[in-house]
Structure formats: C-alpha cells, structure tokens
Amino acid sequence: MSHESIQTLLNANEEWAQNVIKGTPDFFTQSATGQSPKILWIGCSDSRVPESVITASKPGDIFVHRNIANQFHLNDDSALSVLTYAVKVVGIEHVVLVGHTNCGGAAACLKAAEDAAADTGAPQPDTPLTRWLSPLIALVQSLDLSACSASEALDKVVQTNVITQVDNICNSEPITTAWADPNAKKVTVHGWVYDLARGRIDELVFREAQA
C-alpha cells in the first residue's frame, strides 16, 4: 500500500505552516489561545466543498459540522451538540446550511425514490447510509418531479433539501431558545447552495428571530 498521498499532505502542511509564520509570526500562538468564529457551517462531506477554501477563510473563522448530504436531523446528537456548543459557548451569530450541486447523496436518494415508485421488489439495504438518508428519500418521494429532466430533478432535490434542513435547524432547541431569549445573542440561519460548476455560493433562504 502506497502512503505517498499521506506524505504529500504532511509535506504540504509543513510548507503551509512555514508560510503562515513568515506572514504572521504569532498566528499559531494566538490561535492556540482560543476561538471566536461568528459562523457555524453545516455542510456536506463532499471533498469538492471545503468551506475554508471556497470562502478564502483562515483557521478560526468558521465552526464546522459536515455529513453526508448536509443533513440536520432533530434526533442527531452529533449535529445538535455542535449547534448547542456553537450557539451557547462559542457565541456564533450565523448558521449556514450548505448544500451543493451534483450532490451524490441527493442523487442516491432520488434513485432510491424512483426505484420505490417503480416497485422493483428489491428492498433497500439496511445500512448506516440508507438509515441516515431515509428522511431525504422520504422528502424526495413527496416532491412532484414528473415534469423535470434528470438534472432539474436533482437540482430541485438539492434545493428542497437545503430549505428543509434550515427548517429543522430553526425548530431545534438551541435556536428556539436563543430566539426566545431577548438577552441572547441573535442568530440568523441561512440556506446556501454551492455551485460546483461556477465556484459560487447562492443564498436560497435566511431566517431570523421575529421581533
């Protein structure tokens, strides 16, 4: 087994760290003292959507949680713990739920919904991935995609998924509590889609506490 790709990462890290020190000698010393990002990014695990790279951000700028198909399940302790810590301890001001075009997870859910509609008789395998994506499969099944081309259908699934996860975030305890407390720092929740072909982020929706 070749470890060349791992060594490439380690070498790149060394070069990067040296360049950062040359430009800002005390960067890492200051970074080690704590963090105060204003943004929580909840995105997809896809390697083509690295939040710091596509927003030209530095270490310490963005608090991050990523998973397959940028889901926010209200029974997911991992996502809820990240959101709770971000809101109540870190003190973030914005939550951004970020999907992206050509999402493999969304495409898999679209195919699963199509297979179910065709009644092929083949049961969905019971795996961690299918259990994780089951709410998104159900969401796809609720959509009318009959007039859409394949690419249009996938785009609609990606966009509807983002809006649905934004709704879930807004209905979560950390956000409802923050919005109900007049003394709490106000948090805005955004739904974005990153277009892989353009390298641009488009905002679909944002929500904030009602006065």
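Residues numbered from 1 in each chain as written. Predicted model: local features only at pLDDT ≥ 70, side-chain atom pairs only at ≥ 80, totals over all residues. Heavy atoms only, no water.

A. View of helix α8 (residues 173-180). Taken as a whole, α8 has its buried residues at Pro 174, Ile 175 and Ala 178. Projected onto a plane normal to the axis of α8, the buried residues spread over an arc of 95° and lie on a single side. (Buried < 20%, exposed > 50% of the residue type's maximum accessible area, 1.4 Å probe, protein only. Helix = DSSP H or I, 4+ residues; strand = E, 2+ residues; numbered from the N terminus. Arc of directions from axis to C-beta.)

B. Spatial organisation of the state of the cysteines. Counted according to the given criterion, the structure contains zero disulfides. Looking at the unpaired Cys 148, the closest cysteine sulfur is the one in Cys 109, lying at 16 Å. Owing to a relative accessible area of 28%, Cys 148 belongs among the partly exposed residues under this scheme. (Disulfide = S-S within 2.5 Å.)

C. Looking closely at the packing of helix α5 (residues 104-118) against helix α7 (residues 150-170). Following both chains from N to C, one finds α5 and α7 inclined at 115°, their axes separated by 9 Å at the closest point. By the angle class used here, α5 and α7 are roughly perpendicular. By crossing handedness, the relation of α5 to α7 is classed as right-handed. The residues of α7 that touch α5, namely those facing Ala 106, Ala 107 and Leu 110, are Ala 153, Leu 154, Val 157 and Val 158. A class-by-class count of the residues in the contact of α5 with α7 yields seven nonpolar, no polar and no charged. (Axes fitted to C-alpha atoms, helices over the stretch in contact; angles between N-to-C directions. Parallel < 35°, antiparallel > 145°, perpendicular 65-115°, else oblique. Left-handed = near helix turned anticlockwise from the far one by under 90°. Contact = heavy atoms within 4.5 Å. Nonpolar A, V, L, I, M, F, W, Y, C, P; charged D, E, K, R; others polar.)

D. Looking closely at the packing of helix α4 (residues 77-90) against α8. Contact geometry for α4 and α8: axes closest at 9 Å, N-to-C directions at 25°. One element, α4, and the other, α8, form an angle in the roughly parallel class. Of the residues in α8, those in contact with Leu 80, Leu 83, Thr 84, Val 87 and Lys 88 of α4 are Glu 173, Pro 174, Ile 175 and Ala 178. Along the lines of polarity and charge, the residues of the contact of α4 with α8 split into six nonpolar, one polar and two charged.

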